[in-house]
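# Topology and contacts: notes
So you can see what is in the structure, the chains are spelled out below.
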Amino acid sequence: MKQVRVGMIGYKFMGKAHSHAYRDVPMFFPKVPKPVMKTICGRDAEAVTQAAQQFGWESCTTDWRELLQREDIDLVDINAPSHVHKEIVLAAAAAGKHVFCEKPLALTLAESRDMLRAVEAAGVKHMVGFNYRFVPAVRLAKKLIAEGRLGQIYHFRAWFMQDWLIDPEFPLVWRLQKEVAGSGAHGDLGAHLIDLAHYLVGDMTEVVGTNETFVKERPLPATADAAGGEQARGPVTVDDATLFLARFAGGALGSFEATRIAGGCRCRNAFEINGSQGSVKFDFERMNELQVFFANDPDDVQGFRRVLATDPSHAYAEAWWPPGHTLGYEHTLIHETVELLQAIGEDRQPVPNFRDGVKSQQVLEAVDLSIAERRWVSIQEV
C-alpha cells in the first residue's frame with residue numbers, strides 16, 4: 001500500500017497528538033505508506049469542525065457509525081474515552097477496517113478479550129497505544145537486555161507520577177469516573193508501566209497491590225448553586241494512586257507505582273532495571289537519556305554513565321536531527337505511527353497490538369483482585 005486513509009474518533013489531547021503524527025510521518029519517514037487524513041469525528045459539531053481545520057483533516061462528522069460506513073477509510077483511530085472503545089472496535093472490525101485504539105484497551109479484561117477476538121476474526125490489523133515503547137532510549141534499554149549485556153535480570157522497578165490532581169478543587173472530569181474511565185491512575189498510568197515491563201523484562205506470574213483515593217469528592221464541572229454560588233460536588237470513583245509488587249516468569253522481582261497526586265512530578269514515567277552484569281535507569285522527563293552501568297568496567301571508573309540516545313545508531317534517530325538535537329513527546333507518537341503504517345504496508349500485525357493490550361488489562365485486573373481480597377493473585381486467575 002502506498003497510502004492509508006484514516007478516520008479518527010476523538011479530537012482532544014490524544015486527537016491532537018495523533019493528528020500531529022500523521023502530518024509529520026511523510027516528511028521524516030517517506031518510505032512508509034502515507035497517511036491520508038480523511039475525516040475526524042467528535043460529538044460537539046462546532047468543536048470538531050474547528051479541530052478538523054486546525055489539525056488538517058479533510059472533513060469532520062459527529063457520527064462515528066457514518067465514518068465506519070465510508071469506503072474511503074482504511075484505518076480507524078480511536079482515542080475517545082475508554083467506555084466507548086469496545087463498541088467502536090467491534091463495529092470497525094465488522095466493517096473490515098484496521099484499528100488503532102488508545103490504552104487502556106477497555107474498561108475490563110472481558111471487554112478487551114471480546115475486542116481481540118473481533119479483530120482477529122475479521123483479519124484486520126490492530127494496534128494499541130503504548131507509545132512509550134517507541135522512545136529511542138527505551139529501545140536502547142531493550143537492546144542491552146536482549147543482547148545479554150545486563151546479564152540475568154533481578155529487579156524491575158517503575159513509577160509513573162503526575163501531579164495534575166493535587167488541587168482538591170480540580171473538577172470531576174471523566175477520568176475520575178469509573179463508569180467512563182474504568183480506573184484512575186492504575187489504568188491511565190499503570191497500564192504504560194505494565195506494558196514497558198512486558199516489553200523489557202517479560203511476563204508476570206503474580207501480583208499484590210494496594211491503592212488509595214485521597215480526594216473523595218470534587219467539584220462538578222460547570223455547575224454552581226444558584227443560591228450560595230458554590231459548586232456542587234460529586235464522588236471520585238477511581239484511584240488516585242495504586243502500588244503493586246510483582247514476580248516475573250524469568251525470576252525477576254518488580255515494583256510499580258502510579259499516582260496523579262505527586263507534587264512536582266509532571267510526567268515522571270521512569271524505570272530502573274538491575275541485572276547480574278549491569279543496570280539501566282530511564283526517566284521520561286529526560287527522555288533522550290539512558291543511564292547505563294556495567295559491572296565489568298574497571299573499578300576506578302565504575303558508575304552510571306549518561307548515554308544520549310540521539311545518534312544514528314539509536315532507534316529512529318537517523319530520521320531526525322544531528323546527534324544531540326533532542327526529541328520530544330510527539331516523536332513517540334510519530335514512531336508508533338510509523339510501526340502501524342509499516343505493518344499495514346507489509347501485511348503483518350503491528351506491535352504492540354491488542355494481544356499486548358489484553359496482557360496489560362490482565363495484570364490491571366489481577367492487581368484489582370489482589371486489592372479487593374488483600375492477597376497475592378496469580379495472573380492466570382483472571
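Up top is the structure these notes are about.
Residues numbered from 1 in each chain as written. Predicted model: local features only at pLDDT ≥ 70, side-chain atom pairs only at ≥ 80, totals over all residues. Heavy atoms only, no water.

## Quick look at helix α2 (residues 45-55)
Since the α-helix packs 3.6 residues into each turn, any two residues three or four apart lie on the same face. Those residues of α2 that fall on the buried side of the exposure criterion are V48, A51, A52 and F55. Buried residues of α2, viewed axially, fall in a sector of 100 degrees; they line one side. Opposite the buried face of α2, by more than 90 degrees, sit the exposed residues E46, Q50 and Q53. Buried residues in α2 make contact with α1 (13-28), β2 (34-41) and β3 (59-61). Residue D44 occupies the N-cap position of α2, its side-chain oxygen lying 3.1 Å from the main-chain nitrogen of E46. At the C-terminal side of α2, G56 shows a positive phi close to 100 degrees. (Buried < 20%, exposed > 50% of the residue type's maximum accessible area, 1.4 Å probe, protein only. Helix = DSSP H or I, 4+ residues; strand = E, 2+ residues; numbered from the N terminus. Arc of directions from axis to C-beta. Contact = heavy atoms within 4.5 Å. Polar contact = N/O pair within 3.5 Å; in protein donor to acceptor, adjacent residues only side chain to side chain.)

## Focus on the pattern of salt bridges
A full pass over the atoms with the stated rule returns 31 salt bridges. Between D163 and R266 there is a salt bridge whose closest N-O contact spans 2.5 Å. In this pair, D163 sits in the loop between β7 (153-161) and α7 (178-181) while R266 sits in the loop between β12 (253-259) and β13 (268-275), placing the two residues 103 residues apart along the sequence. Taking relative accessible area as the criterion, R266 reaches 59% and is therefore assigned exposed. R375 is the partner of E381 in a salt bridge, and the nearest nitrogen-oxygen pair spans 2.8 Å. A relative accessible area of 29% means that R375 is categorised as partly exposed. A single network of salt bridges, built from pairs that share partners, joins K38, E58, R70 and D72. (Salt bridge = Lys/Arg side-chain N within 4 Å of Asp/Glu carboxyl O.)

## Describing the side chain of H331
On the secondary structure map, H331 appears in helix α9 (residues 329-346). Within the structure, H331 has its side chain in polar contact with the backbone nitrogen of G328 (distance 2.9 Å). If near-sequence neighbours (up to four positions away) are discounted, H331 is found in contact with W320 and W321.

## Quick word on the sheet that holds β2
Pairing in this open sheet of six strands is parallel, and the strands run β3-β2-β1-β4-β5-β6 from one edge to the other. At either margin of the open sheet sits one strand with a lone partner, and together these are β3 and β6 (126-128). Averaged over all pairs of adjacent strands, the angle between their axes in this sheet comes to 25 degrees, without regard to strand direction. The pairing of β2 with β3 spans three bridges and is classified as parallel. From the neighbouring strand, T39 faces β3, where its bridge partner is S59. Docked against the sheet, α9 engages β1 (3-9), β2, β4 (75-78), β5 (98-101) and β6, running at close to 170 degrees with respect to β6. Across the face of the sheet, helix α10 (residues 354-373) comes into contact with β5 and β6 while running at roughly 40 degrees to β6. (Pairing = 2+ DSSP bridges. Axes fitted to C-alpha atoms, helices over the stretch in contact; angles between N-to-C directions.)

## Topic: unusual backbone geometry
Residues apart from glycine generally show negative phi values, whereas peptide bonds are mostly found in trans. Here the bond from K103 into P104 is cis, since omega is -15 degrees, no more than 30 degrees from zero. Its location among the elements puts P104 in the loop between β5 and α5 (109-122). Geometrically, the link from V351 to P352 is a cis peptide bond, its omega value of 5 degrees lying close to zero. Tracing the sequence through the fold places P352 in the loop between α9 and α10. Unusually for a residue other than glycine, Y316 sits at a positive phi of about 70 degrees. Inspection of the secondary structure assignment puts Y316 in the loop between β16 (305-308) and α9.

## Section: the nonpolar core
Judged by nonpolar contacts, the single largest core of 108 residues is most densely connected at M204, F256 and F271. The leading source of residues in this core is helix α8 (residues 185-200), at nine residues. When neighbours within four sequence positions are excluded, F271 is seen to be in contact with V138, A141, F156, R157, A158, L196, L200, V280, K281 and F282. One finds L172, L176, V236 and V238 within the second-largest nonpolar core, a separate group that totals five residues. (Core = buried A, V, L, I, M, F, W, Y, C linked by side-chain atoms within 4.5 Å.)

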